[in-house]
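Structure at a glance
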Amino acid sequence: MCGIIGYVGTQDAVPIIMDGLKKLEYRGYDSAGIAVFGRHGFDVVKRKGRLTALEERLAGEPIDGHMGIGHTRWATHGEPSDVNSHPHVGSGNRVAVVHNGIIENYKQLKERLERKGVTFVSQTDSEVIAQLAEYYYTGDLLDTVIKVANALEGSYALGIMCLDEPDTLIAIKKDSPLIIGVAGNGLFLASDVPAVLKHTNKIYYLNDREIAVLTKDQVEFFNPDKEPIQKPQETVTWSVDSAEKGGYPHFMLKEIMEQPGVLRETIQSVIHNGDNKNIIDNIDVTRFSKIVITACGSAYNAGVVARYVFEKLCRIPVEVELASEFRYKDAIIDEKTLVILISQSGETADTIAAMREAKSKGAVTLSIVNVVGSTIAKEAQHTVYTLSGPEIAVATTKAFSAQLVVLYALAIRFAAKLKKITPQTETELVSALVSLPDKAAELLIQINYIQKYASECVGYKSIFFIGRNIDYAIALEGSLKLKEISYIHSEAYAGGELKHGTIALIEENTLVVAIACCKSLYGKIQSNAEQVISRGAKVLFVGNCIDAAPGDKLSLITLPQINELFSPSLSVIVLQLFSYYVAANKGLDIDKPRNLAKSVTVE
């Protein structure tokens, strides 16, 4: 959940690390800190709160050095505070550590060290790493890191410095992301590419339990037996500009507006040419008796949409499971099951665990991810990449839309292979899919009306989303977006369930957002709208089959016509903009909503 960065080189580490931490803010955090190898040992500055608080402290207590580590913390063990912030330094002030992950056996390790006279100062699980490293250290930091890693249970990405080795920075990971960057002015370790892209696009991706030893001139890689290993260097193809706001007030709005281009590129890759199309074409769907889709958060909602599309086109049973539940339920899957894993980062801890559970039972795994070199991308048997570029806002928009079109393309191709649709129908569906980017661009022209309507909704304490069939699936995502960034209570319901209890929540001036793109069910959802209006609610209709006139309690946002199976890709843009402008009118920190992290790398 945290962001870490380290640097060793020829320049002052402090501004480099602070800039990297700013690029990692999207991961979510409640405190931050930095440690550099100074003239007289480690200089450590840590502050609870935003990076501005750390910058203010550094302005009053300037530090400098050519090697350092930095951290943005999202609290798991111990409240947000200066003391609990990273980096952590051992009680002998010889080892400094930053850590992303959770150490599951930290209590046992802490008790063991305390019995040997070691004094702890924080409530965190991470401090045990620094204390353990000092306890083990006998003159070789690489040996020490291996011993520490062997003692730890849980997940970790670590950056480690030792007072006795002033030119060496060591990195190691297990179940948490970590990259190494190589530049002319030195070397970097970081949780994600944006933190180093200003300096280099030459990257190494660490695999679990691989160790990187960084000096200002080179990086060497080792396995847990201290044997040297060779790793391929990769080049990041997107530019630093794509990780900047580009004149928009927030990354989220920029990423919403980028969706036509993202849709176009991703559709091109899965329909017309490239590795994605080849991967899809090479999957033998005829061997599967069912499909299971597993994911978390918005990616799970994409899976719910996909279930309707797959079952409609392929006529094959589809289950959609929260990854956090799938990993513990002893799922009924076997070699005749295709498990589709969806994750923007490719590092979602629960989804990784679900993937490994599925593979252990013989299922075939197919991942849909946005990050090349991520854990899920590397471990799944098949991987299709969404071509979204970096997504910085915590609340996903363009990556979610790219996931949807990959799922649509999979469903169309699978249905054709299973001979559940004719070649003519396949051509018609592909044509409809290819039209989506232009229709998304057409929809974004309505942005001013959506902005105006959202400005009138700031005062609502509860907003409900309803839909039928596939419209219900996308209502789930609309409700989640609103909760994530506006902090307004929101729920999504299947329209037919209103009368089974939930209508009790409707009262005067409640807002209900009704999605209406399923023409055959429009009469049903219109009836639901009338039921809530009669109880005092206001209704916002979003759809392309609406047969109603606006009034005091009824407002309309009309979508372009599209095959209803693909209509969620248009509905969701309106819902994203609505949520964005509600939050913007409340003056909230939209890109970094409270308590949330972009990449959930802990359970």
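Residues numbered from 1 in each chain as written. Predicted model: local features only at pLDDT ≥ 70, side-chain atom pairs only at ≥ 80, totals over all residues. Heavy atoms only, no water.

1. Considerations on the environment of L366
Considering the arrangement of structural elements, one finds L366 in strand β19 (residues 364–369). Remark: the alpha-carbon pair of L366 and Y248, spanning 118 residues in sequence, is separated by 35 Å. Among residues more than four places away in sequence, those in contact with L366 are I283, L338, V339, I340, L341, H382, T383, V384 and L410. (Helix = DSSP H or I, 4+ residues; strand = E, 2+ residues; numbered from the N terminus. Contact = heavy atoms within 4.5 Å.)

2. Looking at empty space enclosed by the protein
Over the atoms, a rolling probe the size of a water molecule traces out where space has been left empty. A complete count under the given rule lists two cavities of 30 Å³ or more for this structure. Taken as a whole, the largest cavity spans an internal volume of roughly 60 Å³. Along its surface, the largest cavity is lined by C2, R73, W74, T76, H77, H86, H99, G101, T124, D125 and S126. Looking at side-chain class alone, the lining of the largest cavity contains two nonpolar, seven polar and two charged residues. The wall of the second largest cavity is formed by R468, D471, I515, A516, C517, C518, L521, Y522 and I525. Looking at the lining of the second largest cavity, the elements with two or more residues in it are β23 (511–516) and α18 (522–533). Partitioned by chemical class, the residues of the lining of the second largest cavity number seven nonpolar, no polar and two charged. (1 Å grid on protein atoms, 1.4 Å probe; cavity = no way out; pocket = protein on both sides within 12 Å on 5 of 7 lines; lining within 4 Å. Points joined across faces, edges and corners; volume = space filled by probe spheres on them. Nonpolar A, V, L, I, M, F, W, Y, C, P; charged D, E, K, R; others polar.)

3. Some words on the pairing of strand β7 (residues 154–162)
Strand residues, when the strand is regular, have side chains that alternate between the two faces of the sheet. Burial within β7 is extensive, with nine of its nine residues counted as buried. Where β7 and strand β8 (residues 165–174) come together, six bridges link them in antiparallel fashion. Among the inter-strand pairings, G159 is bridged to a residue of β8, identified as A171. The antiparallel hairpin formed by β7 and β8 contains two residues in its connecting segment. (Buried < 20%, exposed > 50% of the residue type's maximum accessible area, 1.4 Å probe, protein only. Pairing = 2+ DSSP bridges.)

4. Comments concerning the confidence of the model for the chain
With 97% of its residues at a pLDDT of at least 70, the chain reaches an overall mean of 91. Mean pLDDT per element in the chain: strand β15 (residues 234–235) is the minimum at 89, and strand β18 (residues 337–343) is the maximum at 98. (pLDDT = per-residue confidence, 0-100.)

5. Digging into the packing of aromatic side chains
Counting across every chain of the model gives ten aromatic pairs. Arranged with centres 4.9 Å apart and planes meeting at 80 degrees, the rings of Y580 and Y581 form a pair that is edge-to-face. Residue classification places Y581 among the buried positions, given a relative accessible area of 7%. We note R594 situated over the ring of Y487; from NZ or CZ to the ring centre the distance is 3.9 Å. (Phe/Tyr/Trp six-rings, centres within 6.5 Å; stacked < 30°, edge-to-face > 60°. Lys NZ or Arg CZ within 6 Å of the ring centre and 35° of its normal.)

6. Some thoughts on unusual backbone geometry
Of note, the bond from H86 into P87 is cis; its omega dihedral lies within 30 degrees of zero at 0 degrees. Tracing the chain through its elements places P87 in the loop between β4 (67–73) and β5 (88–89). With phi around 70 degrees, R209 is a residue other than glycine that occupies positive phi space. Within the fold, R209 resides in the loop between β11 (202–205) and β12 (211–214).

7. Thoughts on the nonpolar core
Formed by 100 residues in total, the largest nonpolar core has its most connected members in F310, I340, L433, F566 and F578. Here this core takes 13 residues from helix α13 (residues 398–417), the largest share from any one element. For F578, the contacting residues outside a window of four places in its chain are I450, Y453, A454, C457, I463, F465, L482 and L511. (Core = buried A, V, L, I, M, F, W, Y, C linked by side-chain atoms within 4.5 Å.)

8. Things to note about helix α15 (residues 436–443)
Regarding α15, the residues found buried are L436, P437, A440 and L443. Taken down its axis, α15 places every buried residue within 120 degrees of arc, on the same side. Those residues of α15 that are buried are in contact with α7 (259–271), α13, α14 (423–434), α16 (447–455), β25 (554–558) and α19 (568–585). (Arc of directions from axis to C-beta.)

9. Observations concerning the sheet that holds β18
Read from one edge of the open sheet, five strands run β17-β16-β18-β19-β20, paired in parallel fashion. If you trace the sheet from one side to the other, it starts and ends with β17 (318–322) and β20 (382–385), each paired once. Strand-to-strand twist of the sheet, defined as the mean angle between neighbouring strand axes without regard to direction, takes the value 20 degrees. Both strand β16 (residues 290–295) and β18 contribute to a ladder of five bridges, which runs parallel. Counterpart to T294 in the pairing with β18 is L341. Its contacts with the sheet place helix α11 (residues 349–360) against β16, β18 and β19, and it is angled at close to 165 degrees to β18. (Axes fitted to C-alpha atoms, helices over the stretch in contact; angles between N-to-C directions.)

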